[in-house]
Amino acid sequence: MKGQITLIGAGPGEPELLTLKALRKLKEADAVFYDRLINQDLLNYCSDSCELIDVGKKPKEHKVPQSEIEALIIKKAKEGKRVVRLKSGDPYVFGRGGEEGRNITENDLDFEVIPGITSAIGGLAYAGIPITHRDFSSSFHVITGHLKSENNQLDWKNLAKTEGTLVFLMGMSELETITNQLMKHQKSKDTPVAIVRWATRKDQKTVVGTLETICDVAKSAQMTSPSLIVMGEVVTQRDYLNFYESRPLFGKRVMVPFTEKKGMTHHLIDAGASVLELPKLTKNFLSQNFTIESMKEIVFLDGESVKLFIDQLIETKQDIRQLQHVAFVTIGHHTKVAVNALGILPSEVFETLSDYDLSKKEIETTLFVGEKSYIDQLKELNNQINYYSPFEMISQELNEEELDEVDYLYLPSSKAAYYFIKDLSKEMLEKLITKKIMVMGEVTSKIFEDKNIPVIQSERPSFESVINKLIEEDIK
Ligand code: SAH
């Protein structure tokens, strides 16, 4: 099979600014090459088997030379793999996409490019600056500030004369030269100028000045690369259009458990936060030699586990009719609903786990089915219980750097809390004390309180209530 290489424009940073086609290709990829400007959250879209290759380079500290990157990409594709080269912004805007693309086609490999939102336009939009505007600017120029050599200078005379918006990429180390040259060639020293660092990201920062003052402004605000430098009257529109930086949770990173529906993730993004999703919980399998025939009673502890238990019976070639002689017991409202959905009326129904009296039961013939946090509570009372817990956290764990970046953690259920905290090292648990942890309900609170980690509780179990509480905490 002929290998395929897709150059993907990943956009300026915010993961949702990726195109639909790029998302599909990322999911399908066997190998993904990425660098420093790529938001690592995008890599979560890749499949578990996808090889992730960091070819990042920091300014002045070239990690992997360009020729080597290209050779690596070609090599992978020649192995018949679907290779993605993730480029920040748009691949053809100062991204060496043209060179890489040509190299690929010359190697007789299948090549395609997926355009992305360039930071030069999308990054400015997130700082409240429209690149054109009928009243202020009818053209724009995107210029590299990476001035290769003395005799490869920009045409300052023409640039200074143009009425359109000027956007410099890779210009921070040359800021003084750029502003001096433009003023020297009669561009008005009062021209509004903005610098936007890490646009569309949690660390986005914007400063505004004029052609004359911007160097000092940037210096005192310690503006660094990667930044966009934008010059022109359009900068003034930031006073009206600065939607992103004015969002209530702008600049905050919130960790949430994985869910298919992503309800909380979307609410948080809309409130301006950046979101770190925990890895998906994987299912635990019923062992092949596990038969329920010896059981007289099954106690279901939560609704989700009911469904997963039945799925596992089918997987192990058993079915619910084999449970005719077994009494079904449910703990909690949702659990009862889930058992009813199977067409079964439980023989006993309890509101909470504490209503259930373990000491009165025949432990050898009772099977408890539910998430580990409940099972652990029961095991404290009797270590001999039979149980099946359908969830397990996948091995890919949160690393310390990721946790350092997080401001808030949202753990809405005892299940989420239990699996999150279960394998955390002592150092990581200590770090948690400095974070704000948002939970719902007493059972979840207790999981943290047992480890002396303080938590915050939302007033009601709704997305809005949680967001409002986070905003309140943020203002504090
Ligand atoms: N292909 C990219 C640009 C690559 S050149 C695009 O279309 O956006 C790298 C330069 O782009 C950086 O030095 C910086 O000037 C700019 N840049 C890229 N992403 C940025 C971001 N999120 N915020 C600010 N500047 C960014």
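Residues numbered from 1 in each chain as written. Predicted model: local features only at pLDDT ≥ 70, side-chain atom pairs only at ≥ 80, totals over all residues. Heavy atoms only, no water.

We apply this condition: UniProt positions are given in the numbering used here, feature names are shortened, and annotations may be inferred rather than shown by experiment.
In the nomenclature of an unreviewed UniProt entry, the protein chain is known as Uroporphyrinogen-III C-methyltransferase of Vagococcus hydrophili. In its Sequence similarities (unreviewed entry) section, the UniProt record describing the protein chain reads: "Belongs to the precorrin methyltransferase family."

### Quick look at the overall build of the protein chain
Filter applied, for reference: Helix and strand definitions follow DSSP, with helices as H or I runs of at least four residues and strands as E runs of at least two, each counted in order from the N terminus. Throughout, exposure labels follow a simple rule: accessible area from a 1.4 Å probe, protein chains only, divided by the maximum for the residue type, with under 20% read as buried, over 50% as exposed, and the rest as partly exposed. Throughout, a contact is declared for two residues whenever any of their heavy atoms are within 4.5 Å. Using a 1.4 Å probe, the Shrake-Rupley method yields the accessible areas, and only the shown protein chains count as cover for residues.
Helix and strand counts for the protein chain stand at 17 helices and 22 strands. Across its three principal directions, the C-alpha atoms of the protein chain cover 90 × 60 × 40 Å. Within the protein chain, the fraction of its 476 residues that count as buried is 51%. Residue pairs in contact within the protein chain that sit at least 24 positions apart in sequence constitute 65% of those at least 6 positions apart. Summing over all exposed atoms, the protein chain offers an accessible surface of approximately 24300 Å²; the carbon and sulfur share of this is 50%.

### So, the sheet that holds strand β1 (residues 4–9)
Put simply, the rule reads: At least two DSSP bridges between two strands are required for those strands to pair. As a rule, the C-alpha atoms of each element are fitted with a line to give its axis, helices using only the stretch in contact, and angles between N-to-C directions run from 0 to 180 degrees.
Within the open sheet, the five strands sit side by side as β3-β2-β4-β1-β5. Their pairing is parallel. For this open sheet the edge positions go to β3 (51–54) and β5 (110–114), each flanked by a neighbour on one side alone. Adjacent strand axes in the sheet meet at a mean angle of 20° when their direction is disregarded. Pairing between strand β2 (residues 31–34) and β3: four bridges, direction parallel. Within β3, the position partnered with phenylalanine 33 by the bridge is isoleucine 53.

### Some remarks on the pairing of strand β21 (residues 436–439)
Note the threshold: Here is how to tell: hold the view so the strands point away, follow the path from the first strand over the helix to the second, and if it runs clockwise the crossover is right-handed.
Strand direction decides the pairing type here: strand β20 (residues 408–411) and β21, joined by four bridges, are parallel. Across the sheet, the residue bridging to leucine 411 is valine 439, located in β21. As paired elements, β21 and strand β22 (residues 456–457) share two bridges and run parallel to each other. In the sheet register, methionine 438 faces β22, and the bridge partner there is isoleucine 456. At this point the chain moves from β21, through helix α16 (residues 442–449), to the parallel β22, and the crossover so formed is right-handed.

### What about the site of the ligand?
Our working rule: Proximity is defined per residue: any heavy atom of the residue falling within 4 Å of a molecule or strand makes that residue near it. Polar contact criterion, stated in full: a pair of N or O atoms within 3.5 Å, where within protein one must be able to donate a hydrogen and the other to accept it, and residues adjacent in sequence count only if both atoms are side-chain atoms. Any residue that is not Ala, Val, Leu, Ile, Met, Phe, Trp, Tyr, Cys, Pro, Asp, Glu, Lys or Arg is counted as polar, Gly included; the first ten are nonpolar and the last four charged.
Around the ligand lies a shell of 17 residues, among which Val93, Thr118, Ser119, Ala199 and Ser227 are the nearest. Between valine 93 and the ligand, the recorded distance is 2.6 Å, taken from a backbone N or O atom to a nitrogen atom. Contacts to the ligand include threonine 118, whose side-chain N or O atom sits 2.7 Å from an oxygen atom. Here the ligand loses 94% of its free accessible area of 540 Å² to cover by the protein chains. Classifying every residue of the shell around the ligand gives eleven nonpolar, five polar and one charged.

### Concerning the side chain of arginine 197
What counts is decided by this rule: His is not counted, nor are the chain ends; Lys and Arg add positive charge and Asp and Glu add negative charge. Put simply, a salt bridge is a Lys or Arg side-chain nitrogen that is within 4 Å of an Asp or Glu carboxyl oxygen.
Relative to the helices and strands, arginine 197 resides in strand β8 (residues 192–197). Despite its burial, arginine 197 pairs with no opposite charge; the closest candidate is aspartate 203, at 5.4 Å N-O. Dropping the residues within four chain positions of it, arginine 197 is found in contact with Asp203, Gln204, Lys205, Gln222, Met223, Thr224, Pro226 and Ser227.

### Side note on the domain arrangement of the protein chain
Rule in force here: Note that the domain bounds were set by an automatic or database domain assignment.
What the domain assignment lists for the protein chain is domain 1 (4–117), domain 2 (121–241), domain 3 (253–281 + 395–475) and domain 4 (283–392). Its C-alpha centre places domain 2 at a distance of 64 Å from the equivalent point of domain 4.

### Here we look at the pattern of salt bridges
Summed over all chains, the structure comprises 27 salt bridges. Between aspartate 35 and arginine 85 there is a salt bridge, with the nearest N and O atoms lying 3.6 Å from each other. You can see aspartate 35 sitting in the loop between β2 and β3 and its partner arginine 85 sitting in strand β4 (residues 82–87), a full 50 residues away along the chain. Relative accessible area serves as the criterion here: at 2%, arginine 85 is assigned to the buried category. Here aspartate 203 and lysine 202 are joined by a salt bridge, their closest N and O atoms 3.8 Å apart. Counted as one network, the salt bridges with shared partners bring together Asp35, Arg85, Lys87 and Glu100.

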